[in-house]
Amino acid sequence: MGVFESAQGMFDKGASVVKGAVSGVAVENQAFMRGFIRLCSDGWLQGWHERNGGNVTYRMTNAEVDAARPFFYDNPSSWVAMGVQAGNLSGAFFVTTGAGRYLRNVELDPSYNVGIVEINRTGDAWRLVWGLRDGGRPTSEFASHFMNHSVRVEATGGACRVLYHAHPESVIALTKVMPLDARTITRALWKAMTECVILFPAGVGVTGTMVPGGIDLARATSELMKTYEAVIWANHGLFCSGSDFDSAFGLMHAIQKAALIHGQALMMNGGSAEFANTISDDDLRAIARTYNLAVNEAFLD
Ligand code: 2HA
Ligand code: ZN
């Protein structure tokens, strides 16, 4: 099929709004949205998204905005103040999951469960330009995502585009039994398997138990995200960043797996973390040297 797909064809593929004179590939079929949808489905299949648990945001490129713009609403929503401000995200466009909507359902009906929001010039309000049909709003954690995009854009020279929050059970379980400090938890995760220090050499940040969707959680996370690519929310879940969907999903997957291994080893070992065979600090240093990693030295003995 050529560039001018028939209106019926677009509906068959799940397109939301087919405007009279619009041409081009429906938003649902554009590569960035397919990547977003796949991450949601993969997270659901991992078991990390009970009910409406978890949320995802993606900062679009200018070319992606241009390709999606013909499908934007003729009348966007009015501006909604976020209560937080970030000058470096002025005019940005984000794909976001919807408050109260289920990641499990994203694949079935993207334009109901996912939206595109535009950020205003002052960087303190959003408006809906696509999707989240029937009165949807961005995720309850949008202020958190927004502040953290601002921090990660700064920390990565603009490379970070994806923030992904999930409820991976082994990570949550670890926060019930371990001291809630980044050094202790990072060391346990690094020592779970040799890949971990390669995947998150800066380590993982940790917050205490906080109100979900609250501004305090947003602020605490964004302070930690200046240093870490991922932050564990005690008794809640994990917040990961990445330059693309694969890296954000991969980081979530790796940290969850490391937490699972650590928890299983503890159980097999009668609750003791004195394992017969572990990864020593010298092993971690050797990996860091070999792979030229900027490992967080403060977390090594
Ligand atoms: O989106 O996971 O933290 C629902 C949540 C809130
Ligand atoms: Zn959550």
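Residues numbered from 1 in each chain as written. Chains lettered and ligands numbered in written order. Predicted model: local features only at pLDDT ≥ 70, side-chain atom pairs only at ≥ 80, totals over all residues. Heavy atoms only, no water.

Enquirer: Where do I start with the overall build of the protein in this structure?
Expert: Within the protein one finds eleven helices and nine strands. Here the protein has a C-alpha radius of gyration of 20 Å; the compact-globule value for 301 residues is 19 Å, and the two agree. Projected onto the principal axes, the alpha-carbon positions of the protein cover approximately 70 × 40 × 35 Å. Sorting the 301 residues of the protein into buried and exposed places 53% on the buried side. (Helix = DSSP H or I, 4+ residues; strand = E, 2+ residues; numbered from the N terminus. Rg over C-alpha atoms; globule rule 2.2 N^0.38 Å. Buried < 20%, exposed > 50% of the residue type's maximum accessible area, 1.4 Å probe, protein only.)

Enquirer: Help me understand the coordination of the zinc ion (ligand 2) in this model?
Expert: Geometrically, a metal with four donors at the corners of a regular tetrahedron has ideal angles of 109.5 degrees, and one with six donors at the corners of a regular octahedron has ideal angles of 90 or 180 degrees. Every protein donor of the zinc ion (ligand 2) is accounted for by His165 (NE2), His167 (NE2) and His236 (NE2), and the metal-donor separations fall at 2.0 to 2.1 Å. Within one chain, the residues serving as donors to the zinc ion (ligand 2) are arranged as H-x1-H-x68-H. In this pair, His165 sits in strand β6 (residues 162–166) while His236 sits in the loop between β8 (230–233) and β9 (237–242), placing the two residues 71 residues apart along the sequence. Each of the two residues, His165 as well as His236, counts as buried. (Donors = N, O, S within 2.8 Å, 3.2 Å for Na, K, Ca; no water.)

Enquirer: For this particular structure, what's the right way to read the site of ligand 1?
Expert: Around ligand 1, a shell composed of Asn52, Gly53, Gly54, Asn55, Glu141, His165, His167 and His236 is seen. Contacts to ligand 1 include Gly54, whose backbone N or O atom sits 2.9 Å from an oxygen atom. Taking His167, its side chain carries an N or O atom lying 2.9 Å from an oxygen atom of ligand 1. If ligand 1 stood free it would expose 220 Å²; the protein chains cover 88% of that surface. Taken together, the residues of the shell around ligand 1 sort by class into no nonpolar, seven polar and one charged. (Near = heavy atom within 4 Å. Polar contact = N/O pair within 3.5 Å; in protein donor to acceptor, adjacent residues only side chain to side chain. Areas by Shrake-Rupley, 256 points an atom, 1.4 Å probe, with all protein chains shown as cover. Nonpolar A, V, L, I, M, F, W, Y, C, P; charged D, E, K, R; others polar.)

Enquirer: Looking at this structure, how should I read the layout of surface pockets?
Expert: Leftover empty space is mapped by rolling, across the atoms, a probe with the size of a water molecule. If you add up the space inside the largest pocket, you get close to 310 Å³. Lining the largest pocket are 14 residues, with Lys191, His262, Ala273, Phe275 and Thr278 positioned closest to its centre. Of all the elements in the fold, those that place two or more residues in the lining of the largest pocket are α7 (182–190) and α10 (245–268). (1 Å grid on protein atoms, 1.4 Å probe; cavity = no way out; pocket = protein on both sides within 12 Å on 5 of 7 lines; lining within 4 Å. Points joined across faces, edges and corners; volume = space filled by probe spheres on them.)

Enquirer: I keep staring at the pattern of salt bridges and nothing clicks. Help me out?
Expert: Note that side chains of opposite charge can pair when their charged atoms are close. Under the counting rule described, the total for this entry stands at eight salt bridges. Between Arg38 and Asp42 there is a salt bridge, with its nearest N and O atoms 3.7 Å apart. Separated by four residues within a single helix, Arg38 and Asp42 lie in helix α2 (residues 31–46), roughly one turn from each other. The closest approach of N and O atoms between Lys191 and Asp281, which form a salt bridge, is 2.9 Å. In this pair, Lys191 is assigned in the loop between α7 and α8 (196–199) and Asp281 in helix α11 (residues 281–290), connecting sequence segments 90 residues apart. Of the residues examined, Asp281 reaches a relative accessible area of 10% and is grouped as buried. Residues joined by salt bridges that share partners form a network here, namely Arg183, Arg187, Lys191, Asp281 and Asp301. (Salt bridge = Lys/Arg side-chain N within 4 Å of Asp/Glu carboxyl O.)

Enquirer: Explanation requested: the nonpolar core in the structure shown.
Expert: Side chains of nonpolar character tend, in soluble globular proteins, to be buried together. Grouped together as the largest cluster of nonpolar side chains are 61 residues, with contacts concentrated most on Met33, Ile116, Leu189 and Ile255. A per-element tally of this core places α10 first, with eight residues. Of all hydrophobic cores here, the second largest spans 17 residues; its members include Val84, Leu89, Trp126 and Leu128. (Core = buried A, V, L, I, M, F, W, Y, C linked by side-chain atoms within 4.5 Å.)

Enquirer: Please clarify how unusual backbone geometry should be interpreted in this entry.
Expert: Most peptide bonds take the trans configuration, and most residues that are not glycine carry a negative phi. The phi angle at Asp134 is positive, at roughly 60°, despite the residue not being glycine. Looking at where Asp134 falls in the secondary structure, it is placed in the loop between β5 (125–131) and α5 (142–155). The backbone of Asn292 shows a phi angle near 55°, a positive value even though the residue is not glycine. Tracing the sequence through the fold places Asn292 in the segment after α11.

Enquirer: I would appreciate a short explanation of the packing of aromatic side chains in the present structure.
Expert: With the rule as written, the count across this model stands at twelve aromatic pairs. Ring centres of Phe36 and Phe245 lie 6.1 Å apart, and the angle between their planes is 85°; on these two criteria the pair is classed as edge-to-face. Of this pair, Phe36 sits in helix α2 while Phe245 sits in helix α10, and the two are 209 residues apart along the sequence. By relative accessible area, Phe36 is classed as buried at 0%. Between Trp233 and Phe239, the aromatic rings sit 5.2 Å apart at their centres with planes inclined by 20°, giving stacked as the arrangement. Grouping residues by exposure puts Trp233 and Phe239 together as buried. Site record: aromatic cluster; members linked through ring pairs are Phe32, Phe36, Tyr58 and Phe245. Over the ring of Tyr112 we find Arg101; its NZ or CZ atom is 3.7 Å from the centre of that ring. (Phe/Tyr/Trp six-rings, centres within 6.5 Å; stacked < 30°, edge-to-face > 60°. Lys NZ or Arg CZ within 6 Å of the ring centre and 35° of its normal.)

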